[in-house]
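Breakdown of the fold
Below, each chain spelled out in residue letters.
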Amino acid sequence: MQNVLILSPHTDDAELGAGGTISRLIEEGKNLFWVVFSTAEESLPEHMAPDTLKMEFIEVINHFNIKQSNFKIFDFKVRYLHLKRQEILEELIKIRKDFKPDLVIGPSLKDHHQDHQVIAQEAVRAFKNSASIIGYEIPWNHITFDTQLFIKLDKRHLDRKHEILQKYQSQIKLNRTYFSKDYSYGLATVRGTQCNSQYAEAFEVIRWQF
Ligand SMILES: [Zn+2]
């Protein structure tokens, strides 16, 4: 497994669901391509610049030293991704042809956020014959979640996750509790306990091939 595609409906989703795993994959020298579909301009309070979340994501990209050619930011309108299904599918197919991912990390099929559902479903359509697909855990969006894959992490991966989450000052100011250290380390401790590791992140296995 060398080419890993990261799918983020909005700028912070992959960091929250798979930030420790992304840190580990980068450390292991995997070739990443990271796609964000909406910078959620309409979700920000009026006093914040519309490109705030986009700039915060760029800070994450810079923190990891990810090259310009290894990420892409789309500007689809937040909460309306369902109106752009076909366009999104076509973009994913283009990425399949150009980047040829072995592994796709995106939202879970059990995520109930309307935009997350679109990306999870279109990812299945685009990669159902060509790549392994796993869904990350965003507990406040799920009623149930299948913890089928555990990716073991060390403290340094969690520390890195915490550092990148700190880039989202706009969300921290809005008191989103899942940006706290307690949340990241707490959930990773629970998932680690399930696989004899200090820390871990859990994933739903949507499709697996190797
Ligand atoms: Zn989201």
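Rules used in this analysis
Note that residues are indexed from 1 along each chain, following the sequence as it is written. Given that the model is predicted, a residue must reach a pLDDT of at least 70 before its local features are reported, and side-chain atom pairs must reach 80 or more before they are shown or counted; all residues, however, enter totals for whole chains, interfaces and linings. Values shown for side chains rest on all heavy atoms present in the structure; no hydrogens or waters enter the calculation. Stacked, edge-to-face and tilted labels apply to pairs of Phe, Tyr and Trp rings (six-membered ring for Trp) whose centres lie within 6.5 Å, assigned for plane angles under 30 degrees, over 60, and everything in between, in that order. Strands are runs of DSSP state E lasting at least two residues, helices are runs of H or I lasting at least four, and both sets are numbered from the N terminus onward. Exposure classes here rest on a 1.4 Å probe applied to the protein chains alone. A residue is buried below 20% of its type maximum, exposed above 50%, and partly exposed in between. Residues enter a nonpolar core if they are buried and are Ala, Val, Leu, Ile, Met, Phe, Trp, Tyr or Cys, with the set joined through side-chain atoms within 4.5 Å. A helix is expected to reach a length of 1.5 Å times the quantity of its residues less one. A contact between two residues is defined here by any heavy atoms of the two lying within 4.5 Å.

1. A look at the packing of aromatic side chains
Here the structure, examined in full by the defined rule, presents eleven aromatic pairs. Between Trp-140 and Tyr-183 the ring centres are 5.7 Å apart and the planes differ by 70°, which places this aromatic pair in the edge-to-face class. Of the two residues, Trp-140 is situated in the loop between strand 5 (132–136) and strand 6 (149–153) and Tyr-183 in helix 7 (residues 181–193); the sequence distance between them amounts to 43 residues. A relative accessible area of 36% places Trp-140 in the partly exposed class.

2. Looking at the nonpolar core
In terms of nonpolar packing, the biggest core is built from 39 residues, with Ile-6, Ile-22, Trp-34 and Ile-105 touching the most fellow members. At five residues, the largest contribution of residues to this core is made by helix 1 (residues 13–27). The next biggest cluster of nonpolar side chains, apart from the first, holds 21 residues, and it includes Leu-5, Leu-92, Val-104 and Ile-119.

3. Some thoughts on helix 2 (residues 52–63)
With twelve residues, helix 2 ought to run about 16 Å at 1.5 Å a step, and its terminal C-alpha atoms sit 17 Å apart, in line with that. Within helix 2, the full set of buried residues consists of Thr-52, Leu-53, Glu-56, Phe-57, Val-60 and Ile-61. Contacts made by the buried residues of helix 2 are with helix 1, strand 2 (31–38), strand 3 (71–73), helix 5 (155–165) and helix 6 (169–173).

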